[in-house]
Amino acid sequence: MSKEAVIIGAGLGGLLCGRILSREGWKVTVLEQWAQPGGSLQTFVRGGVRFDTGFHSVGGLAPGEPLEQLFRPLGLMDLPWYRVGEDEFIRCSLPFLRLSALTEDEIEHVAGPYRQSVWRLRGGGKTLVDALLEGIDVQLRKKVIEIKDHVVRCNDGSEFAGDVVVSDIHPKATFDMLTDHVRPAYIKRLQKMENGPGVFTVNIKLNPGTIPIEYHSIFIDGEIMIHFGEEEAGGYARSMDILTFGHPGDDRNAFAETLIQKASERIQGLPDAVERFWTSTPATWERFTGTPGGSAYGIVKKGAGDYLSPITPLDWLFLTGQNIGLHGILGTTVAAVNTCNIILKR
Ligand SMILES: Cc1cc2nc3c(=O)[nH]c(=O)nc-3n(C[C@H](O)[C@H](O)[C@H](O)COP(=O)(O)OP(=O)(O)OC[C@H]3O[C@@H](n4cnc5c(N)ncnc54)[C@H](O)[C@@H]3O)c2cc1C
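Engineer: For the site of the ligand, give the residues involved together with the corresponding values.
Structural biologist: The environment of the ligand is formed by 35 residues, the closest being E32, S57, D168, Q322 and G328. Within the backbone of L12, one N or O atom sits 3.1 Å away from an oxygen atom of the ligand. Backbone polar atom of S40 to an oxygen atom of the ligand: 2.8 Å apart, as the coordinates give it. Relative to its unbound accessible area of 1000 Å², the ligand is 95% covered by the protein chains. Elements supplying a minimum of two residues to the shell around the ligand: α1 (12-23), α9 (282-289) and α10 (328-345). In terms of residue class, the shell around the ligand is made up of 15 nonpolar, 16 polar and four charged. When we break the shell around the ligand down by domain, the ones giving at least three residues each are domain 1 (4-42 + 130-195 + 299-345) and domain 2 (50-124 + 197-288).

Shown next as C-alpha cells:
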C-alpha cells in the first residue's frame, strides 16, 4: 500500500515536496489556507492587470547552473523561462540583499547564481504553480489549526492523517499548532530564532503606451527594487512593482508616492505614467503567509545554529520551505529536495 503524506502549505516548498513524493508513489494531500495556491508565488489581478506577489526572477537556470540542475529532473525546465540582462543585478543588488540582514555567506549563495544568469518566467509565478499542481491533490481553503500525532486538523473541522506530515509554513507557527509533547529546548530554540524584515510593495498600473518595458530588475541606492510586469503592444509596460524594506510609517500612500518619485530618477515618465497603485505592508504579508512579522525571507541565518534540519523531534513531522534553508526559489527548492530525500530514505 502506498505511503501517505499530508503537506501543510501550498507555497513552493509544499508543492515541490508534493511533486517529489507523488513521483515516488506516495499519496499526497497538500492543504492550503487560501483559495489560491502558491504563497509568495501567487499572482493577483488589480484593475485588470496581473501582478506577482513575491517572485519576479531567478538566477542560475542556464545548462549546468545550480537551479537548472534541480529543475530539470523535476520537469520544470520546459516552462517559458526567458533570460534577461544580469548586469544591473550584479552591480546593484548587494546593498538591497544586505538590508534583509543576510550574512556574507548567505548573500554569496543567494546572489551567486544571479551572477551566472538571470531569468524570468512568462505568466509569472502562476506558471510555475500551475505546473506544480499537475498530479497532486491540493485542497484549498484548508487552514490548519492543530497538529497532533500524524493528524492535521483544519478550521472547517476536517482532519487529514498521514504516515508523515510535512510543514511548509514557518517553524514557529508549526510548533504553535502542535499539541504533542516536544522537548522544551527545541521550542526555546525556535522561539529565539530571528526573522528578517518584511517588505513594502507598491503595485502600479501604468497608463498605456507610456513607459518602455525593461526586463531586468532595477535597483536604486540599494533601497528600492523595481520590476516591470506585463508587456503590452509596442514594447510598453502595463505594470510595475516597487519593493523596499523601508518602513511606510503612518501614511502608506504618501510613502508609496515618495517611492514612485524616487523611481522617477531612473525611469523617465514617472510619476505621470501612474494610472493607479495599490500597496501591501509587512502586516499584509503576515496575514497572507503566516510568517511572524510578515518577514519576506523568514528566519535569518547568521551561523550554523540558525539552520534548522527538516527532521524534528517527532519522527513523523518534517519541515521544509525557505525557513529551513536559504530563501528564494533556489533555496526553497534545495530545502524541498533535502526534506524529501530524508523522508524517502526512512
Ligand atoms: C516580496 C518578495 C519578493 C520575492 N522575490 C523573489 C525573486 O524574485 N526570486 C526568488 O528566487 N525569490 C523571491 N522571493 C522569495 C521566494 O518567493 C520565497 O523564498 C519562496 O516562494 C518561499 O516559499 P515557501 O514555500 O517557503 O513559503 P510560502 O510561499 O510562504 O508558502 C507557505 C504557504 O503556506 C500557507 N499557509 C500558512 N499557514 C497555513 C496554515 N495554517 N494552513 C494552511 N496553509 C498555510 C500560506 O498561505 C502559503 O501558501 C521573494 C519573496 C518575497 C516575499
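Engineer: Now, about the pattern of salt bridges: what can you tell me, with residues and values included?
Structural biologist: Using the criterion set out here, one finds eleven salt bridges in the structure. With its nearest N and O atoms 2.8 Å apart, the salt bridge here joins K126 to D130. Of this pair, K126 and D130 both sit in helix α5 (residues 125-133), four residues apart, which is roughly one turn of that helix. What makes D130 partly exposed here is its relative accessible area of 34%. Its salt-bridge partner being R153, residue E146 comes within 2.7 Å of it at the nearest N-O pair. If you follow the salt bridges from partner to partner, you end up with D221, K262 and E265 in one network.

Cut-offs used in this document
Residues numbered from 1 in each chain as written. Predicted model: local features only at pLDDT ≥ 70, side-chain atom pairs only at ≥ 80, totals over all residues. Heavy atoms only, no water. Near = heavy atom within 4 Å. Polar contact = N/O pair within 3.5 Å; in protein donor to acceptor, adjacent residues only side chain to side chain. Areas by Shrake-Rupley, 256 points an atom, 1.4 Å probe, with all protein chains shown as cover. Helix = DSSP H or I, 4+ residues; strand = E, 2+ residues; numbered from the N terminus. Nonpolar A, V, L, I, M, F, W, Y, C, P; charged D, E, K, R; others polar. Domains from an automatic or database assignment. Salt bridge = Lys/Arg side-chain N within 4 Å of Asp/Glu carboxyl O. Buried < 20%, exposed > 50% of the residue type's maximum accessible area, 1.4 Å probe, protein only.

Everything listed is a geometric property; what it means functionally is a separate question.
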